[in-house]
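Residue-level structure breakdown
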Amino acid sequence: MAYSNFTDLSVLRREFGLSVTFQARLFEGEYAATPSDFLRTALHEYEPLALAIGTEKARSELLIMPILAEIRRQRNREISLFSGVDFNVDAERGLNGYCDYLLSRDSNPYSIHAPVFAVVEAKNEKINLGLAQCAAELVAARIFNEREDNPLPVLYGAVTTGSNWRFLRLTGDYLEIDGDEEYLHPIERLLGILLTIAG
């Protein structure tokens with residue numbers, strides 16, 4: 001088993017003792033951050049292309065990666081961004097395999113330390129299909145941080161098409177899934193949420 005094999009949240013409830021809430025309101029209120037000129041230009045140029053191509057790879061490269069790289073830039077490179085990284089935490093329990101994206105609260109770009117945010121690309125543009133995979137990656141991040149004597153009280157995740165984002169929050173064994181989706185536009189709100197998560 002691997003992260004991508006988790007397709008049912010009930011498995012995570014049973015195997016990892018998670019309590020799950022499906023209609024949380026994780027980001028009520030105002031969130032806003034100013035995107036760089038580079039990000040504005042990239043999205044203006046690449047969003048129509050990514051949507052026209054319509055593949056996960058195009059959305060990943062042209063929408064998701066520029067946004068996450070912007071988070072790293074705005075946090076003065078004090079966080080690390082990993083893409084397509086092998087994150088083997090507990091293979092016997094299925095907590096192994098590749099993660100689409102991980103953000104870590106550490107400036108070391110060569111190895112993962114203190115992962116705080118996992119992002120899963122939606123399969124076939126269906127966000128709900130990626131929720132269990134993202135939750136499994138958050139459980140793995142929690143275990144990893146505890147082993148490294150760096151437990152973090154709250155971890156976040158998101159499943160995204162690039163245009164739509166659904167967030168998750170793991171606090172101990174309590175998983176909250178946002179009842180609302182966030183959107184690429186206005187980019188200021190999405191960026192504000194992501195920067196808040198990145199700390």
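What counts and how
- Residues numbered from 1 in each chain as written.
- Predicted model: local features only at pLDDT ≥ 70, side-chain atom pairs only at ≥ 80, totals over all residues.
- Heavy atoms only, no water.
- Core = buried A, V, L, I, M, F, W, Y, C linked by side-chain atoms within 4.5 Å.
- Buried < 20%, exposed > 50% of the residue type's maximum accessible area, 1.4 Å probe, protein only.
- Helix = DSSP H or I, 4+ residues; strand = E, 2+ residues; numbered from the N terminus.
- Contact = heavy atoms within 4.5 Å.
- Salt bridge = Lys/Arg side-chain N within 4 Å of Asp/Glu carboxyl O.
- Expected span 1.5 Å × (residues − 1).
- Bend = angle between axes of the 7 residues up to and from the residue.
- Axes fitted to C-alpha atoms, helices over the stretch in contact; angles between N-to-C directions.
- Parallel < 35°, antiparallel > 145°, perpendicular 65-115°, else oblique.
- Left-handed = near helix turned anticlockwise from the far one by under 90°.
- Polar contact = N/O pair within 3.5 Å; in protein donor to acceptor, adjacent residues only side chain to side chain.

A few words on the nonpolar core. In this structure, Leu 12, Leu 95, Phe 117, Trp 165, Phe 167 and Leu 175 are the most contacted members of the largest nonpolar core, which totals 73 residues. Per-element accounting of this core gives the leading share, 11 residues, to helix α4 (residues 131–147). If we skip the residues at most four places from it in the chain, Leu 175 touches Leu 9, Leu 18, Ser 19, Val 20, Thr 21, Ala 135, Leu 138, Leu 168, Arg 169 and Leu 170.

Our focus in this paragraph is the pattern of salt bridges. The tally for this structure, following the rule as stated, stands at 10 salt bridges. For the salt bridge of Arg 40 with Glu 188, the shortest nitrogen-to-oxygen distance reads 3.0 Å. Within this pair, whereas Arg 40 is found in helix α2 (residues 37–53), its partner Glu 188 is found in helix α5 (residues 187–198), the two being separated by 148 residues in sequence. Judged by its relative accessible area of 41%, Arg 40 is partly exposed. A salt bridge links Arg 73 to Glu 70, with the shortest nitrogen-to-oxygen separation between them at 3.3 Å. Residue Arg 73 and its partner Glu 70 are located together in helix α3 (residues 56–74), separated by three residues, close to a single helical turn.

Bringing α2 into the picture now. Given a rise of 1.5 Å per residue, 17 residues ought to cover 24 Å, and the 24 Å separating the end C-alpha atoms of α2 matches this to within 8%. Taking the largest bend as the criterion, α2 deviates by roughly 40°, centred on Tyr 46, and proline Pro 48 comes between one and four positions later. Taken as a whole, α2 has its buried residues at Leu 39, Ala 42, Leu 43, Glu 47 and Ala 50. Taken together, the buried residues of α2 touch α3 and α5.

A few words now on the packing of α3 against α5. One way to put it is that α3 packs onto α5 with a least axis distance of 10 Å and a crossing angle of 55°. Relative to α5, the element α3 is oriented oblique. Handedness of the crossing formed by α3 with α5: right-handed. For the pair α3 and α5, the contacting residues are Ile 67, Glu 70, Ile 71 and Gln 74 in the first and Ile 187, Leu 190, Leu 191, Leu 194, Leu 195 and Ala 198 in the second.

Before going further, it helps to examine the environment of Asp 8. Along the polypeptide, Asp 8 turns up in the segment before α1 (9–16). Distance from Asp 8 to Arg 73, taken between C-alpha atoms, is 35 Å for residues 65 residues apart in sequence. One polar contact links Asp 8 to Ser 10, side chain to side chain, over a distance of 2.8 Å.

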